[in-house]
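# An overview of the molecular structure
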Amino acid sequence: MFNVCSKPTERKEQVIAVRMYKIEKRAVMDAYGKVKANKGASGVDKVSLEEFEKDLKNNLYKIWNRMTSGSYFPPNVRMVEIPKSDGKTRTLGIPTVGDRVAQMVAKMYLEPILEPYFHEDSYGYRPNRSAHDALSIARTRCFEYEWVIDLDIKGFFDNLNHELVMKAVEKHTDCKWLLLYIKRWLKAPMEKSDGQRQERNKGTPQGGVISPLLSNLFLHYAFDEWMKRNNGKKPFERYADDIIVHCRTYEEAKLLLDAIRDRLKECKLELHPEKTKIVYCKKDGRESDYSVTKFEFLSYEFRPRLCKARNGSYFVGFTPAMSPKAESKIRQKIKEWKLYSQCGKKLEDIANKVNPQIRGWLNYYGKYNRSALYPVLQLLNTKLAGWAKRKYKNLRGKMQAICWIEKKARMQPGIFAHWQAGIIYTSGQ
């Protein structure tokens, strides 16, 4: 391990640099522990976490040595294009493992300084706060307020103004090494798979360790504090750049949306003209001719739904459930598993592989309107029936295979996470 009292060996850097900045060796070691726990892919150097750990002591010493001397320069950031549901792509930037460790050191120093200043309705990438917290508050406020402004900032991470980011950081710290390295991380070039470099004069890579904290700080001043000063009676929920604002009337929402658009323009950001919208929270006793009555927030769709009261009666409520986009992604993921081609494996082997993903879906999308998950996980049962039909030749037809899976699920529900949740009916899929 990385000994905090270790001295350089022949394999380490030959020249011990002058220590300009005080950074504890223990901080670098702790940062690596957090990076390892978060997992993640390799960067431009193609060094994985496993490969990095083979020479862990020297690798961590090199990071510490360079950071304390002021000679740490971040490597290029690997550019990855992720397909979006609208056919476009989202650009992710993946730093090297070593750079993620260095960024984590900075985050561990800066986050405790910033955290006390952040707004109570900011939930993204913050300690002891979650997407479910934001969804719970949004659900409650949609009952109290009739109108929602659904904000979509166009290319938020790609368009953060570096000068404004640094101005916000400098407001909270004068730590020289922190300011130096944040500037370097903001400027670190992106590198495509063919080796082509893309210089950056704005934005912070989605995928960087320090990026979520910097983006939160930016929007704290660009949006949260501005709302507190100018629109303190209009509540909102913000998870990173995913924001909704509650209003009493359409006129109020219209005026506020125009003001928000102007404010973000001052901060060099732009609202997406099609995706940003005003939504009417239609419920029992609230009627309107306004046609936009649903929005998505954190992969949940809020819209009017038939709800059952405690006394057994039914009413129309404005409630969240897994969004159609999320359902489509889950269905696509299940198809990508290609269970029909794994007839050489045991059912338990398949379960061990896919259960972590299934539990994640159940835990996240099962929070509200859990029944919305049932149809999509029935698809998994259908795929398992297809696997059984191929594996066991005595299952001659589709229905026989379905009945076999149903029987297996009832007799051994602990095999799959969704069976434990009672999602075992496959007929009719």
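See above for the structure.
Now for a look at the structure at hand. Note that the structure is a prediction, hence the values are computed from the model and not measured.

In this section: the packing of aromatic side chains. Tallied over the entire structure, the rule returns 24 aromatic pairs. Both rings, one in Tyr32 and one in Phe52, keep their centres 5.6 Å apart while their planes meet at 25 degrees; by these two values the pair is stacked. In this pair, Tyr32 sits in helix α1 (residues 25-38) while Phe52 sits in helix α2 (residues 49-54), placing the two residues 20 residues apart along the sequence. Grouping residues by exposure puts Tyr32 and Phe52 together as buried. Taken together, the ring pairs connect Tyr72, Tyr109, Trp177, Tyr181 and Trp185 into an aromatic cluster.

For the rest of this paragraph, the subject is the pattern of salt bridges. Oppositely charged side chains may form a pair once their charged atoms are brought near each other. Here the structure, examined in full by the defined rule, presents twelve salt bridges. In this structure, Asp121 engages Arg141 in a salt bridge whose closest nitrogen and oxygen atoms are separated by 3.4 Å. Of this pair, Asp121 sits in the loop between α4 (97-114) and α5 (131-144) while Arg141 sits in helix α5, placing them 20 residues apart in sequence. Its relative accessible area of 7% is what places Asp121 among the buried residues. Salt-bridge contacts for Arg263 lead to Glu266; the nearest nitrogen and oxygen are separated by 3.3 Å. Pair noted here: Arg263 and Glu266 are both in helix α9 (residues 250-266), with a separation of three residues, about one helical turn. Residue class for Arg263 comes out buried when judged on its relative accessible area of 16%. On the basis of relative accessible area, Glu266 is assigned to the exposed category, the value being 55%. Connected through salt bridges with shared partners, the residues Asp121, Arg141 and Glu237 form a single ionic network.

Two strands in a sheet stick together by hydrogen bonds in their backbones, pointing the same way (parallel) or opposite ways (antiparallel). Strand order across the open sheet formed by three strands is β9-β10-β11, with antiparallel pairing between neighbours. Edge positions in the sheet fall to β9 (295-297) and β11 (314-322), since each of these pairs with one other strand and no more. For this sheet, the mean angle separating the axes of adjacent strands, direction not counted, is 50 degrees. In terms of strand pairing, β9 meets strand β10 (residues 300-308) through three bridges, oriented antiparallel. Along β10, the bridge assignment pairs Phe295 with Phe302. Contacting β9, β10 and β11, α5 crosses the sheet at an angle of about 55 degrees to β10.

In this fold, Arg305 is placed in strand β10. Residues within four places of Arg305 in sequence aside, it is in contact with Phe315, Val316, Gly317, Thr319, Pro320, Ala321 and Asn369.

Once that is clear, we can look at the sheet that holds strand β5 (residues 197-198). Taken in spatial order, the four strands of this open sheet run β2-β1-β4-β5, and their pairing is mixed. Looking at which strands have only one partner, the edges of the open sheet turn out to be β2 (89-94) and β5. Two strands pair when backbone bridges link them, and strand β1 (residues 77-83) and β2 are joined in this way by six bridges, in the antiparallel orientation. Bridge assignment links Glu81 to a residue of β2, and that residue is Thr91.

This part covers the environment of Asp194. In this structure, Asp194 sits in the loop between β4 (190-191) and β5. Residue class for Asp194 comes out exposed when judged on its relative accessible area of 56%. In this structure the side chain of Asp194 is engaged in a polar contact, spanning 3.0 Å, whose partner is the backbone nitrogen of Gln196.

Moving on: helix α7 (residues 176-187). Across its twelve residues, α7 extends 17 Å between first and last C-alpha, which sits within 8% of the 16 Å expected from 1.5 Å per residue. Summarising the contacts, the buried residues of α7 are in contact with α3 (56-69), α4, α6 (162-170) and α8 (211-230).

Rules used throughout
- Residues numbered from 1 in each chain as written.
- Predicted model: local features only at pLDDT ≥ 70, side-chain atom pairs only at ≥ 80, totals over all residues.
- Heavy atoms only, no water.
- Phe/Tyr/Trp six-rings, centres within 6.5 Å; stacked < 30°, edge-to-face > 60°.
- Helix = DSSP H or I, 4+ residues; strand = E, 2+ residues; numbered from the N terminus.
- Buried < 20%, exposed > 50% of the residue type's maximum accessible area, 1.4 Å probe, protein only.
- Salt bridge = Lys/Arg side-chain N within 4 Å of Asp/Glu carboxyl O.
- Pairing = 2+ DSSP bridges.
- Axes fitted to C-alpha atoms, helices over the stretch in contact; angles between N-to-C directions.
- Contact = heavy atoms within 4.5 Å.
- Polar contact = N/O pair within 3.5 Å; in protein donor to acceptor, adjacent residues only side chain to side chain.
- Expected span 1.5 Å × (residues − 1).

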